[in-house]
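# Reading the structure
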Amino acid sequence: MKAVQFHQVGGPEVLRYDDVEQPVPTPGQVRLRVAASAYSAADGSIRAGLLPIPIALPHIPGYDVSGTIDALGDGVTGLAIGDAVIGFLPMERDGGAAEYVVAPAEALVAAPTTIPLADAAALPSVALTAWQALFDEGALRAGQRVLIVGAGGVVGGYAIQLAKRAGVHVIATASPWSAEAVRAAGADQVIDHTTTDVLQAVDGQVDVLLNLAPVDPEQFVRNVAPVRDGGAVVSTTAFMATPGDESRGVRAVTVFVQPNRDRLRQLVELVDQGALTVEVTRRIPLSELPALHAEAAEAGITGKVVVLP
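Residues numbered from 1 in each chain as written. Predicted model: local features only at pLDDT ≥ 70, side-chain atom pairs only at ≥ 80, totals over all residues. Heavy atoms only, no water.

### What about the nonpolar core?
We count it as follows: The criterion is simple. A nonpolar core is a set of buried Ala, Val, Leu, Ile, Met, Phe, Trp, Tyr and Cys residues joined through side-chain atoms within 4.5 Å. Note on classification: 1.4 Å probe, protein chains only; a residue is buried when its accessible area is under 20% of the maximum for its type, exposed when over 50%, partly exposed between these limits. By definition, any uninterrupted DSSP run of H or I lasting at least four residues is a helix, any uninterrupted run of E lasting at least two residues is a strand, and each is numbered from the N terminus. In what follows, residue pairs with any heavy atoms lying within 4.5 Å of each other are defined as contacts.
Core analysis: the largest hydrophobic core is formed by 92 residues, its most contacted members being Leu123 and Val146. Looking at this core, the element that brings in the most residues is helix 2 (residues 124–137), giving eight residues. Each residue touching Val146, except ones within four places of it in the same chain, is listed here: Leu134, Leu140, Ala163, Val168, His169, Val170, Ile171, Val206, Val208 and Leu210.

Take a look at the structure:
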């Protein structure tokens, strides 16, 4: 089968589009005929050796995946050959940047039925990140207020949609080129952080500050000011310290997405109910994945890209 893999950590040039042996599922695993994987910045960080994830080399990236089950390992129940599924795969194992991938059965859920199967690969890790940041860590509930800094990215879009559905008032910062998408996602107030002082623009206190952007550390500390006593600062920028305010009981939490099958099922239900929109910005063939990594390393990637074998 065809796959993109790397035999050593390094820059995008270590990626190779190769013929590799088709994997065989072991007990508790299934094999998928991949419909798509989705590129994530973490894929680039793992390839570069910047994340402390114990991969074995050679390694195939692409931990967000959608596909159709074509083989079952021993002991697998609740799944059948022909099932269309999506999953957030263990990062330390081979991923879905290939024609076939083996996956733990417990990592998979039925795919949405209202969008193309390939596009569904764009959902798992980013939507889980938004949910875990807002509700599992931020403990947001109906009637509260959240300030989302850096809402113009993919996680920000899901965070706005999920927060609004939960009855939360959303204040979001965005750049001029992402402001319209942030409004369309449902933000109640959009602050142009390139021209406006965020703290002056926020009207009143918020219950949670969700930081999704690599902001200046001093600005990050200042952004804690509108968080109410007993509130929370939640951040996905793991390379930066997350500030809180112990004197006011403001918690500081750094989020690194965790697999959660039940949460992923709920997200799929929301997609099929029309309550959650899955963003796909581009679709590229698997052979172009090394070039995408190079693009991301050079200038970054806007939106969500799915990779088609």
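### Quick look at the sheet that holds strand 10 (residues 189–192)
Operational definition: Pairs of strands are assigned from DSSP output, requiring at least two bridges between the strands. Every angle, taken between N-to-C directions, lies between 0 and 180 degrees, and every axis is a line fitted to C-alpha atoms, over only the stretch in contact when it is a helix.
Reading across from one edge, 10-9-8-11-12-13 is the order of the six strands in this open sheet, with parallel pairing throughout. Each of the sheet's edge strands pairs with one partner strand only, and the pair in question is strand 10 and strand 13 (251–254). Here the average twist between neighbouring strands, direction ignored, is 15°. With five bridges connecting them, strand 11 (residues 206–211) and strand 12 (residues 227–235) associate as parallel partners. Bridging from a neighbouring strand, Leu209 pairs with Val233 of strand 12. Set on the sheet, helix 3 (residues 154–165) makes contact with strand 8 (145–149), strand 9 (169–174) and strand 11; between it and strand 9 the angle comes to about 165°.

### Considerations on helix 7 (residues 261–272)
Worth spelling out the cut-off: Here a helix's expected span is defined as the number of its residues, less one, multiplied by 1.5 Å. Pairing of N or O atoms within 3.5 Å defines a polar contact, subject to two protein rules: one partner must be a possible hydrogen donor and the other a possible acceptor, and residues neighboring in sequence count only if both atoms are side-chain atoms.
With 12 residues, helix 7 should reach 16 Å at 1.5 Å per residue; the first-to-last C-alpha distance of 17 Å fits that figure. The N-cap of helix 7, judged by a side-chain oxygen 3.2 Å from the amide nitrogen of Asp262 a few residues on, is Asn260.

### Regarding the packing of helix 2 against helix 7
Rules: Under this scheme an angle from 65 to 115 degrees is roughly perpendicular, one under 35 degrees roughly parallel, and one over 145 degrees roughly antiparallel; angles in between are oblique. Residues are grouped as follows: nonpolar covers Ala, Val, Leu, Ile, Met, Phe, Trp, Tyr, Cys and Pro; charged covers Asp, Glu, Lys and Arg; every other residue, Gly included, is treated as polar.
Direction vectors running N to C along helix 2 and helix 7 enclose 105°, while the axes themselves pass 10 Å from each other. Regarding the angle of helix 2 to helix 7, the classification is roughly perpendicular. Together, Pro124, Ala127, Leu128, Trp131 and Asp136 of helix 2 and Arg263, Leu264, Gln266, Leu267 and Leu270 of helix 7 make up the contact between the two elements. Residue composition of the contact of helix 2 with helix 7, by class: seven nonpolar, one polar and two charged.

### Notes on the packing of helix 2 against helix 3
Two numbers describe a pair of packed helices, the interaxial angle and the distance between the axes. Condition: Two helices cross in a left-handed way if the nearer one is turned anticlockwise from the farther one by less than a right angle. They cross in a right-handed way if the turn is clockwise.
Running from amino to carboxyl end, helix 2 crosses helix 3 at an angle of 55°, the nearest separation of the two axes being 8 Å. The orientation of helix 2 with respect to helix 3, classified from their angle, is oblique. In the packing of helix 2 onto helix 3, the handedness of the crossing is right-handed. Here Val126, Ala127, Thr129, Ala130, Trp131, Leu134 and Phe135 of helix 2 lie close against helix 3, whose contacting residues are Val154, Val155, Tyr158, Ala159, Leu162 and Ala163. Partitioned by chemical class, the residues of the contact of helix 2 with helix 3 number 12 nonpolar, one polar and no charged.

### A look at the pairing of strand 15 (residues 305–308)
Strand direction decides the pairing type here: strand 3 (residues 29–38) and strand 15, joined by two bridges, are antiparallel. In the sheet register, Ser37 faces strand 15, and the bridge partner there is Val307. As paired strands, strand 14 (residues 282–285) and strand 15 are joined by four bridges and run parallel to one another. When the sheet's bridge partners are listed, Ile284 is paired in strand 15 with Val307.

### Some remarks on unusual backbone geometry
In this structure, the amide linkage connecting Leu57 to the following residue, Pro58, adopts the cis form with an omega of -5°. Position of Pro58 among the secondary structure elements: in the loop between helix 1 (41–47) and strand 4 (64–72). One non-glycine residue, Ala139, adopts positive backbone phi at about 55°. Mapped onto the secondary structure, Ala139 falls in the loop between helix 2 and strand 8. Residue Ala139 is classed as partly exposed on the basis of its relative accessible area of 41%.

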